[in-house]
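# Fold and geometry: a report
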Amino acid sequence: MLQSQQPPLNVNSVKPADVAVLASIGLHMHSTGLSTVVSKLQELMSMYNPALIDTYLEEADMTGASTLVEQAEEASLHLQNNQHSWKLVLLFVQVDQFCARDQQEVEAVIRSVRGEVDAALQLLHAQLKRTLVSVALWDGESYTFQRKLCPGLEENQGGEVRLLKAMLTHALQASLYELMTERNWDREDFSVIVQDRPLVRHLASANSGKSQASHETDKLMVQLWTNLLQPASDEQNTDDNGNIITLQCPTMDRPFLRTEGNSPTNDSSNTSPLTSPDMGTTMHCEDIGPSVSTPNSVHELRPGDIRVVAAVGDSLTAGNGIAASPTNVLDVLTQYRGLSWSVGGDENLTTVTTLPNILKHFNANVTGFSVGRGKQSTPQAFLNQAVAGAKSKDVPSQVRTLVARMKNDSSINFKSDWKVITLFVGGNDICDYCYNSLFFSVENYVKNVRDSLDYLHKEVPRALVNLIEPLDIIPLRKMHVDASLKCPTWLVNFLCPCVILPKPTSTSLEKLENLNRQYQLMLNELVESNRYDTRPDFTVVIQPFFREIMVPILPDGRPDRSYFSADCFHLSQKAHTQMARSLWNNMVAIKLTISSIMCTFECILQFDCIQNGFTTPILKYLNIVPLDLFFQLEPLGNKTSFQDFRKDIQLKCPSKTSPFIRTYRNSNYTYAAPPPTPAPNTNWGSDFSCVDLAPSPSVPTSVHKLRPADIKVVAAVGDSTTAGTGAKAKNLLELSREYKGVSWSIGGDRTLDTVTTLPNILRKFNSALKGFSKGQGSRQKGFNMATTGAKTSDIQAQIQVLIKAMREHKEVNFDEDWKLLTIFVGVKDLCQYCTDQNNLSPSNYSHNLMLALDELYQEVPRLLVNLVGIMQMDTIKQVKKNTLGCSLLQRTICPCVINPTENSPEIKEIKQINLEYQAEIHNLISGSRYDGKEDFAVVLQPFLHNFFIPNIGEGEVDTTLFSVDCFQISERTHAEMAIGLWNNMLEPVGRKQAYNNFTYDRSKIHCPTEASPFIFTKVNSASRPTWTTTTTSPKSTATGFVPLCATPQPLWLPIVVGVVSLLVGITSAWFVCSFILAKRTKTECPVELRAVAL
């Protein structure tokens, strides 16, 4: 985009190329992430104007610990010499500098920040001309730094703190926008704009590595750049994995930097107020009395017998934002526990509909409900122990606190009072699933819920537990599609990124929907196991009314925001009212069987609403619906599993014939028999769905343009893992056999349909692949040179044998064929470390690998090396089995890891050495030692870096992943490692998955894409993501960092300007130093040269 022909006279007509000076205010010495983002923005803007002056770099020393006002004053003085040039001033408000532990502190922070920003902007307005000030909120520094500023948060990290931070950021955003509209600083040559979206680094990247952190700052820079431009007509999104970032360019119709004059801000404060219908409910039940005597069985429990109500869960049960006005997002922090659907007890049923208020209709002495507002620790919360932001992992601690409160409260007779406890959790697990699919897996979710229910079952007498299925969360996306609703979508992106961010038809969204359904399904299986019906005074009942939800729609077709709180994520009192009604109706709904409604013909004629909810005798329907079809309308185990918020839900009543809270027994419901134990799986093959299988049009000369189909030869070196030792062993006699044909990185038995190995995957691309091993032993070992018991000191010798074998092989063109070699070694080194610390030190581990790689680098042309990092070996200690092989051989094979006791100095040392092994191999590869040849590359594949062993039960790891000695890996694990290695090869360096996912799934193999057809190396991954630029047409895309916008100057100009600028800088520095040295010969030159990482 070219500069304006004449310098613009109006601030609303300034293009990026018109900006001569870029200044930054609000940085401090800890702003490392922000400094990087600003530096990258300066690099980008220099492409529009190579003569751009960046005052941040020149004045970095002034940004130490000064206030915004002091920095604004310094900037104004510095910019006085550029009054005739257009200036862009970035004023950053760093949210992570502020300490706010509760809503009162948040409000104090907002007042303070608003005052300081006001003063800084007034100063800039008074002293600068031709200036555009862009105010942005930044929350992207390390959380370690924030905890130092706010130590109280360290004790309570998690969802509640995350919610607090998000609300603080949003409230600051709203307050600054309000300040801007009140002050109206705009004039022809000056304008202030508050950026629509804060710059927020997601929690998942807070502890990531340097490469991932760089990727995150790239995304934040692009967001900052996009915020500076006039809004595009079509919003551009990242792809599913965030590997491709859309870089917006100015367009012919929107060429200017954004101001209030040319692009007015969408004011969310004008949101329509929520409607406030009567939240009460009328109940016409007549039979409301308790049992004649206190029942001993939970299956004979009437509503009037319930004495105590309680609940655990997340913010939906804590009551966040239930009564918040639509414009007060900060009030979402308020926990309106007295209005909570399942446990609130404010007022009475005629004004507030909650489960306790319904139960009060049957028993006025119900206790345990929460009232008013406050956190779970306050007295008014009582037995509402839900915690805002909680995930399933937090519920076990909640139930322990709950039980302790019940036991210690004098108003509760813990042994004799009947209790109803509602457990509802899972939404936050789903919200963060895409950032850690293992941690939030179905298995872990169910385990957390099971642990909670097990504790209640063990500790609490006379209890009925309502287990609410996780809500169908995907429909909530509709609230963030229609911009006219003015929902704070950026805020919900932060709170629930995995639900809101994926594209409508993406694989990510499909996986999330499946996860949601699996959460629901597995809860049902847990309860169906009959685990909690071992005594008559306790049961767990699934309440499925949230299985499917329908977002209410207004007459104009838009979602009805009145059912949501101010953030369009939490639910309003209107929704809580409907949830309470649905829960109650689920509790009293009849679990029908066909036999329960097969009564006499006379009964059928008079079958009324008390039995099935119809208000007209069934005879009326017999003329419309055949009798056999009618009986199909109430299937076995019928409960309402659909939540339509629009529906006028009427409360159901117990009847004289069905007076009890519904359980499996009093509903004539029989739990399904446990499924038969499946036969052992002997087929560890994989499905393959890749389409683009072709090689390069001509044989590539660069390893950085290597497609899977270009690989002609595979090879491997290493230890017993690569040799396939014991992979298919069924007894100790077979343990020493080397099943090389199923080896993860080099085996070639059968086909991919039945045996998953790296060569079998590659054979889908090139059926003429050479080098893979087959069968057992050494007869058909191919280029599998691994030997059982090998250490890193043995690898160079294996490499020498391999090179000789490849040179002599008649079907291998040693100079022309592309070769793929996988190296995995180090397990034996670590297992024996305590017996020979000098020779097996981390430095020697790295040195031995270096010698092997050096020889490959010097001797082998056209070679790509997969270097697989060693796993965290201490996890193997979890693998236990009551067999001779597991109890004896494991300790013999790996004494330095297996024998030390937990928390002993020895195990702590071996863990540290393990980490040092991983660090050494990373340092070896991260340099430029092997970057000098175009046809050679070494890539570290880190999928084992964080090693997890799946559980099959409580505290029991899945031993099928291991051979009969509980140490060597089984064929199943070979298949999983092959998939992990292959998928790592298709992931950019720096953004590779650094943990294993050993859950069996035939569809886990990834495919090359049209945009990324090559196997990733350090060079073709670059230090940045793949950039896609967009102009007016969304179809016009290209890869590369440079935006394909209209070139503002000849390509040689930036180079010339850069060289000249460098020479001028050197000359100036020499002159200043010489001048100072002449006056003060004993002092050092005060000029500090600063390097900025790009």
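Residues numbered from 1 in each chain as written. Predicted model: local features only at pLDDT ≥ 70, side-chain atom pairs only at ≥ 80, totals over all residues. Heavy atoms only, no water.

Bringing a nonpolar patch on the surface into the picture now. The grouping of Leu 732, Leu 884 and Leu 888 at the surface amounts to a nonpolar patch, some 280 Å² of accessible area in total. With respect to the helices, strands and loops of the structure, Leu 732 is situated in the loop between helix H21 (720–723) and helix H22 (758–762). Accessibility expressed as a relative area gives 39% for Leu 732, which makes it partly exposed. (Patch = residues over 30% accessible without salt bridge, like charges linked within 9 Å, V, L, I, M, F, W, Y side chains within 5 Å. Areas by Shrake-Rupley, 256 points an atom, 1.4 Å probe, with all protein chains shown as cover. Salt bridge = Lys/Arg side-chain N within 4 Å of Asp/Glu carboxyl O. Helix = DSSP H or I, 4+ residues; strand = E, 2+ residues; numbered from the N terminus. Buried < 20%, exposed > 50% of the residue type's maximum accessible area, 1.4 Å probe, protein only.)

It is worth spelling out the confidence of the model for the chain at this point. Looking at the chain, pLDDT values average 82 and 81% of them are 70 or higher. Note that residues 235–241 has pLDDT below 50 and, in this model, 12 contacts with residues that lie over four places away or in other chains. In this model residues 268–276 is a low-confidence stretch, pLDDT under 50, and it forms 17 contacts with partners more than four residues away in sequence or in other chains. (pLDDT = per-residue confidence, 0-100. Contact = heavy atoms within 4.5 Å.)

To continue, consider the nonpolar core. Counting residues in hydrophobic clusters, the biggest one holds 143 residues, and the most contacted among them are Leu 91, Leu 124 and Met 406. Broken down by element, this core gets its largest block of residues, 11 residues, from helix H6 (residues 159–183). Those residues in contact with Met 406, other than ones at most four positions away along the chain, are Val 308, Leu 383, Ile 412, Phe 414, Lys 419, Ile 421 and Val 460. Core analysis: the next-biggest nonpolar cluster, separate from the first, contains 96 residues, Phe 765, Phe 824, Phe 936 and Phe 943 among them. (Core = buried A, V, L, I, M, F, W, Y, C linked by side-chain atoms within 4.5 Å.)

Scanning all chains against the criterion turns up 28 salt bridges. Among the ionic pairs, Asp 189 bridges to Arg 187, the shortest N-O distance being 2.5 Å. For Asp 189, a relative accessible area of 17% puts it in the buried group. Overall, the relative accessible area of 29% leaves Arg 187 in the partly exposed class. Measuring nitrogen to oxygen at the nearest pair gives 2.6 Å for the salt bridge that ties Lys 1004 to Glu 976. Placement of the pair is Lys 1004 in the loop between helix H29 (971–985) and helix H30 (1018–1021) and Glu 976 in helix H29, with a sequence separation of 28 residues. Glu 976 shares its class with Lys 1004; the two are buried.

A sheet is described by the order of its strands in space; here 4 strands give the open sequence S14-S15-S16-S17, paired in parallel fashion. Every interior strand has two partners, whereas the edge strands, strand S14 (711–718) and strand S17 (936–941), have only one. Within this sheet the neighbouring strands show an average axis-to-axis angle of 20 degrees, counted without direction. One ladder, built from 6 bridges, connects strand S16 (residues 863–868) with S17; its direction is parallel. Its bridge partner being in S17, Leu 867 is matched across the sheet by Leu 940. Strand contacts of helix H23 (residues 795–808): S14 and strand S15 (818–824), with the helix running at about 150 degrees to S14, the strand carrying the most contacts. (Pairing = 2+ DSSP bridges. Axes fitted to C-alpha atoms, helices over the stretch in contact; angles between N-to-C directions.)

What describes two packed helices is the angle between their axes and the distance between those same axes. Where helix H3 (residues 68–79) meets helix H4 (residues 103–127), the closest approach of the two axes is 8 Å, and the angle between their N-to-C directions is 15 degrees. It follows from the interaxial angle that H3 and H4 lie roughly parallel. With respect to the hand of their crossing, H3 and H4 are arranged in right-handed fashion. On H4, the residues touching Leu 68, Val 69, Ala 72, Glu 73 and Ser 76 of H3 are Glu 116, Val 117, Ala 119, Ala 120, Leu 123, Leu 124 and Gln 127. For the contact of H3 with H4, a count of residues per class yields 8 nonpolar, 2 polar and 2 charged. (Parallel < 35°, antiparallel > 145°, perpendicular 65-115°, else oblique. Left-handed = near helix turned anticlockwise from the far one by under 90°. Nonpolar A, V, L, I, M, F, W, Y, C, P; charged D, E, K, R; others polar.)

With that settled, consider the state of the cysteines. Applying the stated criterion across every chain yields a total of 8 disulfides. Each sulfur in the disulfide pair Cys 834 and Cys 896 lies 1.9 Å from the other. Since a negative S-S torsion denotes a left-handed disulfide, the Cys 834-Cys 896 link at about -80 degrees is left-handed. Of this pair, Cys 834 sits in the loop between helix H24 (827–831) and helix H25 (842–859) while Cys 896 sits in helix H27 (residues 895–898), and the two are 62 residues apart along the sequence. Cys 834 gets classed as partly exposed once you look at its relative accessible area, which sits at 45%. (Disulfide = S-S within 2.5 Å.)

Take the packing of H23 against H25 next. Interhelical geometry of H23 versus H25 gives an angle of 20 degrees and a closest axis separation of 8 Å. Between H23 and H25, the interaxial angle falls into the category roughly parallel. In this structure, the crossing between H23 and H25 has a hand that is right-handed. Counting all contacts with H23, which are made through Ile 795, Gln 796, Ile 799, Gln 800, Ile 803 and Arg 807, the residues of H25 involved are Leu 851, Ala 852, Glu 855, Leu 856 and Glu 859.

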